[in-house]
Amino acid sequence: MKYSIFSLLRNAFSYHENWPAAWRSPDPRSAYDVVIVGGGGHGLATAYYLARNHRITNVAVLEKGWLGGGNTGRNTTIIRSNYLWDESAHLYEHALRLYEGLSRDLNYNIMLSQRGVLNLAHNLGDLRELSRRVNAIRLNGIDSEILNPAEIKAMVPILNTSPSSRYPVLGASLQRRGGTARHDAVAWGLARGADARGVDIIQNCEVTGIRHSGGAVEGVETTRGYIRTKKVGVVVAGHASVLAEMAGFRLPVESHPLQALVSEPIKPIHHCVVMSNAVHVYVSQSDKGELVIGAGIDAYHSYAQRGSLPVIEEQMGALIELFPIFSRLRMLRQWGGIVDVCPDASPIIGKTPVRNLYFNCGWGTGGFKATPGSGWVFAHTIAHDTPHPLNAAFTLERFTSGALIDEHGAAAVAH
Amino acid sequence: MLLIHCPWCGPRNEDEFSYGGEAHIVRPAAPEAESDAQWADYLFMRTNRKGLNLERWVHTHGCGRWFNVARDTVTHRIEAVYGMGEAPPVQSRGGG
Ligand SMILES: Cc1cc2nc3c(=O)[nH]c(=O)nc-3n(C[C@H](O)[C@H](O)[C@H](O)COP(=O)(O)OP(=O)(O)OC[C@H]3O[C@@H](n4cnc5c(N)ncnc54)[C@H](O)[C@@H]3O)c2cc1C
Ligand SMILES: [Zn+2]
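What counts and what doesn't
- Residues numbered from 1 in each chain as written.
- Chains lettered and ligands numbered in written order.
- Predicted model: local features only at pLDDT ≥ 70, side-chain atom pairs only at ≥ 80, totals over all residues.
- Heavy atoms only, no water.
- Helix = DSSP H or I, 4+ residues; strand = E, 2+ residues; numbered from the N terminus.
- Buried < 20%, exposed > 50% of the residue type's maximum accessible area, 1.4 Å probe, protein only.
- 1 Å grid on protein atoms, 1.4 Å probe; cavity = no way out; pocket = protein on both sides within 12 Å on 5 of 7 lines; lining within 4 Å.
- Points joined across faces, edges and corners; volume = space filled by probe spheres on them.
- Nonpolar A, V, L, I, M, F, W, Y, C, P; charged D, E, K, R; others polar.
- Domains from an automatic or database assignment.
- Pairing = 2+ DSSP bridges.

Visitor: What is the right way to read the overall build of chain B from this model?
Guide: On a plain count of helices and strands, chain B comes out with one helix and seven strands. When the helices and strands of chain B are placed in sequence order, the string is β-β-β-α-β-β-β-β. Along the three orthogonal principal directions, the C-alpha set of chain B runs to about 45 × 30 × 20 Å. Buried residues in chain B amount to 42% of all 96 residues.

Laid out in structure tokens, this is it:
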């Protein structure tokens, strides 16, 4: 069914009780051309673009829980493409462009809000690093600019820009096309689009083994039986190492908790995104009025989907330092996701030691912004058994060749 | 908040410590003889255990000493604390 003002009106007459399900819930078949493991945004985008761009529709997406219940539904939804190195800039910018047309492409409102993302500099070192970054980004044709303290104050009056503060604000970079989107809507819209093109989306189906022989993949064991397939794409974020072990190799990935929290809802007061790498916090305000607050990872490795209180405490201290006005707000909810961190803070998208088994992981703290772009290039990689030019550098082999893509500056605290 | 038993100072809060990653990764004895793949394995590849993990911690804001910990990465329960260079008193187990 096409969503429109007319379908909305029609359904109003039946009190919105007869909307059809947005996707089917079929039982798994015994064989598929391609199996995607992981029903987060990246897995769903991969299935969607396999069908849309490559006409490969005999595809199943297997999700052990519910769609988007992993990091996709737990993230703070910041979208931007201001990455330092050419490889990353092109990949993230491709994703941002896709985001700009995604609601229309999917006929599903993902509530993209290009409200602008500010990254603050608090000392001379920060400021020089920031100028270098902005210049590199502009050379790649991506919008980015530097604001001085007066311009920052004009844009975000509630920010503490006093020169006598402990971490004075000396400048900021601004990407105006950056912003936020509704995370659930991204997953649901992609699921609906993939389903409409024939992809089977199967929830509550955990992959427990990867069968391969003669160095090539044959199928996957699941909690709902064995499924034969020619190709497997694994997109399980924090569980990448667990799936790699099933296939018999190791990854340069560590899984860490990343926490976030939201405040009680308040009237609109904060209309853009502000991030600070130096004081470890970033904040935006959701359409519901809640402040959405994030920070860096918990230092120890974990699969528990919860973190420790000291990180939250530090993050709140940083928030109050930047925005004294928020000091009496109460926090409503707090949660954690398990993020897959690579040594160079860049993802791995491509082939593995097992033929026809592909991995897409290592997005760590910052993969939501890449969702459609990641699916686009991963679908290409699976369809052609060769990477798309945009992910050609993001191989597993880079850890052997040494051609790392160090994005710690772009991805450490800012997501 | 984890409660970690420093072998020298006793039980202290997690924020007195720093995490040192996977334990028992042995530096190559003859670095010049290692292949690129062996170097990649040593430098970057990790077991990233889901289950009982063997890991290093340092009591940064205490005695400053390093030690090993066997901790479950799903429940966060600490099963053993043992010295650097000692063999683990429990076996690592689980996926990843
Ligand atoms: C608190 C927090 C804040 C974040 N903020 C931002 C942000 O502001 N901007 C940004 O760009 N990024 C952010 N991120 C990162 C972002 O959420 C992730 O990089 C991105 O969502 C990863 O998408 P995914 O589809 O790969 O993973 P997920 O959404 O985690 O999907 C993976 C799926 O695989 C499933 N799975 C695992 N094992 C199996 C199995 N054996 N069989 C079947 N299914 C399995 C899981 O259940 C899960 O649903 C944040 C993350 C967190 C946790
Ligand atoms: Zn001590």
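Visitor: Hey, could you run me through the layout of surface pockets in this one?
Guide: Which parts of space are left empty comes out when a probe the size of a water molecule is rolled across the atoms. The computed volume of the second largest pocket comes to approximately 860 Å³. Taken together, 42 residues make up the lining of the second largest pocket; nearest its centre are His256(A), Gly296(A), Ile297(A), Asp298(A) and Ala299(A). Elements that contribute at least two residues to the lining of the second largest pocket include exactly β12 (254–263), β15 (291–297), α8 (309–322) and α11 (408–411) of chain A together with β3 (18–22) of chain B. Counting residues per element, the lining of the second largest pocket draws most heavily on α8(A), at four residues. Taken together, the residues of the lining of the second largest pocket break down into 24 nonpolar, twelve polar and six charged. When we break the lining of the second largest pocket down by domain, the ones giving at least three residues each are domain 1 (28–77 + 183–253 + 344–401) and domain 2 (113–177 + 255–341) of chain A.

Visitor: Help me understand the pairing of strand β5 (residues 66–72) of chain B in this model?
Guide: Residues in a regular strand project their side chains so that they alternate between the two faces of the sheet. Residue and element names in this part refer to chain B. Burial runs high along β5: six of the seven residues are buried. Here strand β4 (residues 50–58) pairs with β5 via seven bridges, running antiparallel. Bridged to leucine 52 within β5 is aspartate 72. Sheet analysis places β5 next to strand β6 (residues 78–82), joined by four bridges and oriented antiparallel. Across the sheet, arginine 71 pairs through a bridge with isoleucine 78, a residue of β6. Connecting β5 to the next strand, β6, in antiparallel fashion are five residues, including histidine 76 with a positive phi near 70 degrees.

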